[in-house]
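Chains, contacts and geometry: an overview
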Amino acid sequence: MSCSGEMDPANDLIQIQPNVMKNLKKAKYGVSNHSTVELCHWTKKSFVNEGECYKKKFYGIDTHRCMEFSPAGMLCQNRCVYCWRPMEFYDFMEMPANAVDDPETIVNNLMQERYRLMNGYFGNAKADRKKLDEALLPSHYAISLSGEPTIYPRLPELIRYLKSLKNTKSIFLVTNGQEPEMLYKLQEEDALPTQLYLSTNAPNRKLFFMINKPRHRDAWERWWKSLEFLSKANTRTVVRITLMRSYNAGLQLIPDFAEMLKHGNPHFIEAKSYMHVGYSTQRLEQSEMMEMDEVRVFANGLAKQMGNFALMDESVESRVVVLQNNERYLDRWVA
């Protein structure tokens, strides 16, 4: 096994190696075997009433009751240049179904890790005690964080388990699109999330390989299958475009983005600036970040080119604009 994953001889489970785990915990991650959890920047701000995630503004998600985690913490097929996560520790490997934790174990262990990460806030005079008490029982799960969650072979079971929990109101799943078969499996097994995000950053194969640095030779074809799945998915769908100034934000690329995205016909498109944070600062310059006005220009140009999309909302703090599909219309608010 390579640098970020190993088998525990006692139970044959995939585990993140101790030296990598030490670095992750230093970065304020919670870790359980191959799974990870974190209190994101906006969750921490919400605890002290200093701001909310844009998902609250766009879709009505309670930031303080969001649990962001991954069942494949250090496993990913890509090495995206803009990734703020610790991909330097990533391993690329399969996850045999007999070598992974079951969904209930993952959730229970990560809940304990999340509580540990929250502990300091209970003694913080600025913290909102009501929010902290509510946060102990998440109502929203964001399956993203680090790694690629669709590698986890028991993902349908995991999503169904989360749906069975009393307090669950919504589940968001973010994917890089490299496992389209898993997306179809989720639909076949009635295990689609409330909202499915497809990470998008290139309108052609050349840029796709330059930005994502995928391990699969057929990565572009895999991603296209996932894009096409969005048009058939029986759930809310979002394409999230991460914009970097010298890579993919040129206005001349808008027609190509528009033509490509018509094949997915998602309910929403989020155009978001790359943010110079985390481990991405070791790979990209701060100048790759877009100004909010530039994001608006790109988003408005994309909406005009596509024809059936219109501006829905924006978040200046997160430098993101969201477009809504007026033909495949859905209420923006998650019930």
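Residues numbered from 1 in each chain as written. Predicted model: local features only at pLDDT ≥ 70, side-chain atom pairs only at ≥ 80, totals over all residues. Heavy atoms only, no water.

Digging into helix H4 (residues 103-118)
Compared with an ideal rise of 1.5 Å per residue, which puts 16 residues at 22 Å, H4 spans 22 Å between its outermost C-alpha atoms and is within 8% of the ideal. Restricting attention to buried positions, one finds in H4 the residues Pro103, Ile106, Val107, Leu110, Glu113, Arg114, Leu117 and Met118. The buried residues of H4 occupy an angular sector of 140° when projected down its axis, which confines them to one face. In this fold, the buried residues of H4 make contact with strand S3 (29-32), strand S4 (35-38), helix H2 (41-47), strand S5 (66-70), helix H5 (129-135) and helix H6 (155-164). Measuring from the side-chain oxygen of the N-cap residue of H4 to the backbone nitrogen of Glu104 gives 3.1 Å; that N-cap residue is Asp102. (Helix = DSSP H or I, 4+ residues; strand = E, 2+ residues; numbered from the N terminus. Expected span 1.5 Å × (residues − 1). Buried < 20%, exposed > 50% of the residue type's maximum accessible area, 1.4 Å probe, protein only. Arc of directions from axis to C-beta. Contact = heavy atoms within 4.5 Å. Polar contact = N/O pair within 3.5 Å; in protein donor to acceptor, adjacent residues only side chain to side chain.)

Details of the side chain of Asn248
Along the chain, Asn248 turns up in the loop between strand S9 (236-243) and helix H10 (254-261). In this structure the side chain of Asn248 is engaged in a polar contact, spanning 2.8 Å, whose partner is the backbone oxygen of Asn201.

Quick notes on the pairing of strand S7 (residues 170-175)
Among the six residues of S7, six are classified as buried, and the element is accordingly described as predominantly covered. Side chains Ser170, Phe172 and Val174 project from S7 onto one buried face, and the interleaved Ile171, Leu173 and Thr175 project onto a second face that is buried too. Handedness of the β-α-β unit built from strand S6 (residues 140-143), H6 and S7 comes out right-handed. With four bridges connecting them, S7 and strand S8 (residues 195-200) associate as parallel partners. Paired with Thr175 across the strands is Leu198, a residue of S8. As for the winding sense of the linkage, the β-α-β connection from S7 through helix H7 (residues 180-188) to S8 is right-handed. (Right-handed = clockwise from strand over helix to strand, strands pointing away. Pairing = 2+ DSSP bridges.)

Re the packing of aromatic side chains
The full count for this structure, using the stated rule, is 15 aromatic pairs. Taken together, a centroid distance of 4.7 Å and an interplanar angle of 70° make the contact between Tyr184 and Phe229 edge-to-face. Taken together, the positions of Tyr184 in helix H7 and Phe229 in helix H9 (residues 219-230) put the pair 45 residues apart, joining distant regions of the chain. Residue Tyr184 is classed as partly exposed on the basis of its relative accessible area of 30%. The class of Phe229 is buried, set by a relative accessible area of 0%. The interplanar angle of 5° and the centroid separation of 5.9 Å between the aromatic rings of Trp220 and Trp223 together place this pair among those described as stacked. (Phe/Tyr/Trp six-rings, centres within 6.5 Å; stacked < 30°, edge-to-face > 60°.)

Considering the nonpolar core
Ranked by size, the top nonpolar core spans 82 residues in total, and within it Phe69, Leu186, Ile241, Leu261 and Leu302 carry the most contacts. Counting residues per element, this core draws most heavily on helix H11 (residues 292-306), at seven residues. If sequence neighbours within four positions are ignored, Leu302 has contacts with Ile241, Ile254, Phe257, Ala258, Leu261, Ile269 and Leu323. Listed in part, the 16 residues of the second largest apolar core include Cys40, Tyr59, Val238 and Val320. (Core = buried A, V, L, I, M, F, W, Y, C linked by side-chain atoms within 4.5 Å.)

Observations regarding the environment of Asp313
Looking at the element boundaries, Asp313 is found in strand S11 (residues 309-315). Note on Asp313: relative accessible area 16%, which makes it buried. Taking the C-alpha atoms as reference, Asp313 lies 31 Å from Met118; in sequence the two are 195 residues apart. When residues no more than four places from it in sequence are discounted, the contact partners of Asp313 are Lys57, Phe58, Val321, Val322 and Arg332. One polar contact links Asp313 to Arg332, side chain to side chain, over a distance of 2.6 Å.

Thoughts on the pairing of S11
Counting buried positions over the seven residues of S11 gives five, a clear majority of the element. Note: S11 against strand S12 (residues 320-325), six bridges, orientation antiparallel. Paired with Phe309 across the two strands is Asn325, which belongs to S12. The turn joining S11 and S12, which pair antiparallel and follow one another in sequence, is formed by four residues; a positive phi near 55° is taken by Arg319.

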